[in-house]
Amino acid sequence: MNLWSRKSLGFFSFLLVGCCLLLVVLVILSLAIGSVRLSPYDILLAWQGGSSPTTQAILDQRVSRTVLGLLVGLSLGVSGALMQALTRNLLAEPGILGVNSGAGFTVTLAVAFLGIADINSYIWFSFMGALLATLLVYFFSCRPGLGNMPVRLVLVGMALGSVLMGVSRTIALINPVTFDALRFWGAGTLANRPDGTISTILPFVAIGFFMALSLGRSLDFLSLGEDAARSQGVNVAVTQVLAMCALTLLCGAATAAAGPIAFVGLIVPHIARSLVGVLQFRVLLLSALLAPVVLLGADILGRVVVSPRELQVGVLASAVGAPVLIYLVWRVYKG
């Protein structure tokens, strides 16, 4: 086999290395670009502890923001690839199917009515909302006689997500304290997140990520149909439950940390499949690297386009992702 064919191990390894190098470049840019520009020398000096207190404080904030972008990007990319594999629906994505909106809705309830402002507490509400939204979308979409299944999932998910997002924003607007706490988070942002955000979500992201990777082979068989998967010794029920658990952990952690960010989990798995084929382990692993590239790139762009102010990363992701969704829906209908 040609070492550089898209299904070869050599080409896959080359892509992984290339993504890692691109991530390094974007991490440096993320540390350097903002309302105050820092040179590579400033970054190196701060790393060695020889910078001014102002420069050190700016860099500390950007380091937290960059690391959060890596974790949230990984969560969104892997959860999107996992959801598409589980549902065998190329239009599936946590933001489009209302999972992120469900997580955001329960967080809003927790902040507004229970006075919870600590991410260590409201992250559990985020998990609960992500799981309930997923179950509701499946329940309403899987009823027989309602037309094309992929498009039906998208329509039900977007309807549920719109309702939950509308209620969340209404609650925030009528409660000034809630509005102040959620005004940036609700748009999807990596900036100015509470202390301890990274340490809180890191264990959940790690567990969800490795759970997803461990399901790669089972998902390959499941893509052939449940009967075919069972004939190969796959426990379909266990695979689906574990995939749902991984989705809940990844979506809940990402939404609790950065708010509901849509479309990253839709675009990235499509790019990954176009590069490495349909083997789910490779798609999941490449999505875990490509999604932080996309999210960090969008975050950096948001600092530049309206400088010295910033555009929230969730807004940019939606601006790019909405046309992609329209194209994919058109392709499904055309097919």
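Model, not experiment: these values are computed from the prediction.

**Let's talk about the overall build of the chain**
In terms of regular secondary structure, the chain is built from 14 helices and zero strands. Listing each helix as α and each strand as β along the chain from the N terminus yields α-α-α-α-α-α-α-α-α-α-α-α-α-α. Scaling as 2.2 N^0.38, a compact globule of 335 residues should have a C-alpha radius of gyration of about 20 Å, and the chain matches this with 20 Å. Counting only C-alpha atoms, the chain reaches 65 × 55 × 35 Å along its principal axes. Burial analysis of the chain (335 residues in total) assigns 52% to the buried set. Within the chain, contacts between residues at least 6 apart in sequence are counted, and of these 76% link residues at least 24 apart. In the structure as shown, the chain presents an accessible area of about 15600 Å², 70% of it carried by carbon and sulfur atoms.

**Considerations on the pattern of salt bridges**
Inspection of every chain in the model, using the stated rule, returns five salt bridges. For the salt bridge of R65 with D299, the shortest nitrogen-to-oxygen distance reads 2.8 Å. Linking R65 in helix α3 (residues 53–87) with D299 in helix α13 (residues 280–305), this pair joins segments that are 234 residues apart in sequence. Residue D299 is classed as buried on the basis of its relative accessible area, which comes to 1%. Between E310 and R65 there is a salt bridge whose closest N-O contact spans 2.9 Å. Residue E310 is found in the loop between α13 and α14 (313–334), and its partner R65 is found in helix α3; the two are separated by 245 residues along the sequence. Residue classification places R65 among the buried residues on the basis of a relative accessible area of 12%. The structure contains a network of salt bridges with shared partners spanning R65, D299, R303 and E310.

**Concerning the side chain of R193**
Here R193 shows up in the loop between α7 (176–182) and α8 (197–214). For the buried R193, no salt bridge exists, and the shortest N-O distance to an oppositely charged side chain is 10 Å, to D195. At 2.7 Å, the side chain of R193 and the backbone oxygen of A257 are in polar contact.

**A short note on the confidence of the model for the chain**
On average, the chain scores 86 in pLDDT, and the residues at 70 or more come to 93%. Across the chain, element-level confidence peaks in α8 with a mean pLDDT of 96 and bottoms out in α7 with 76.

**Let's talk about the layout of surface pockets**
The space that makes up the largest pocket amounts to roughly 480 Å³. What lines the largest pocket is a set of 22 residues, and nearest its centre among them are Q61, R62, R65, A191 and N192. Within the residue set of the lining of the largest pocket, elements represented by two or more residues are α3 and α8. Counting residues per element, the lining of the largest pocket draws most heavily on α3, which supplies six residues.

The rules behind each value
Position numbers for residues start from 1 in each chain and track the written sequence from start to end. With the structure being a predicted model, the display of local features is reserved for residues of pLDDT at least 70 and the display and counting of side-chain atom pairs for 80 or more, all residues being used for whole-chain, interface and lining totals. To obtain the side-chain values, all non-hydrogen atoms of the structure were included, while hydrogens and water were left out. Helix numbering and strand numbering both begin at the N terminus, where a helix is a DSSP run of H or I of at least 4 residues and a strand a DSSP run of E of at least 2. Both definitions apply: the radius of gyration is a C-alpha atom measure, and the globule rule equals 2.2 Å times residues to the power 0.38. Remark: exposure states derive from per-residue accessible area (1.4 Å probe, protein chains only) relative to the maximum for the residue type, with buried under 20%, exposed over 50%, and partly exposed in between. Residues are treated as being in contact if the distance between any of their heavy atoms lies within 4.5 Å. Residue burial considers only the protein chains on display, and all accessible areas are found by Shrake-Rupley using a 1.4 Å probe. Salt bridge, as applied in this entry: a Lys or Arg side-chain nitrogen positioned within 4 Å of an Asp or Glu carboxyl oxygen. Here the positive residues are Lys and Arg and the negative ones are Asp and Glu; neither His nor the chain ends is included. Polar contacts, as used here, are pairs of N or O atoms within 3.5 Å; protein pairs need one atom able to donate a hydrogen and one able to accept it. Residues neighboring in sequence count only if both atoms are side-chain atoms. The quantity called pLDDT is the predictor's confidence in a given residue, expressed from 0 to 100. Space inside and on the surface of the protein is sampled on a 1 Å grid over the protein atoms alone, with a cavity defined as a set of points where a 1.4 Å probe fits but cannot get out and a pocket as an open set with protein on both sides within 12 Å along at least 5 of 7 lines; lining residues have an atom within 4 Å of a point. Grid points are joined across faces, edges and corners, and a volume is the space filled by probe spheres set on the points.

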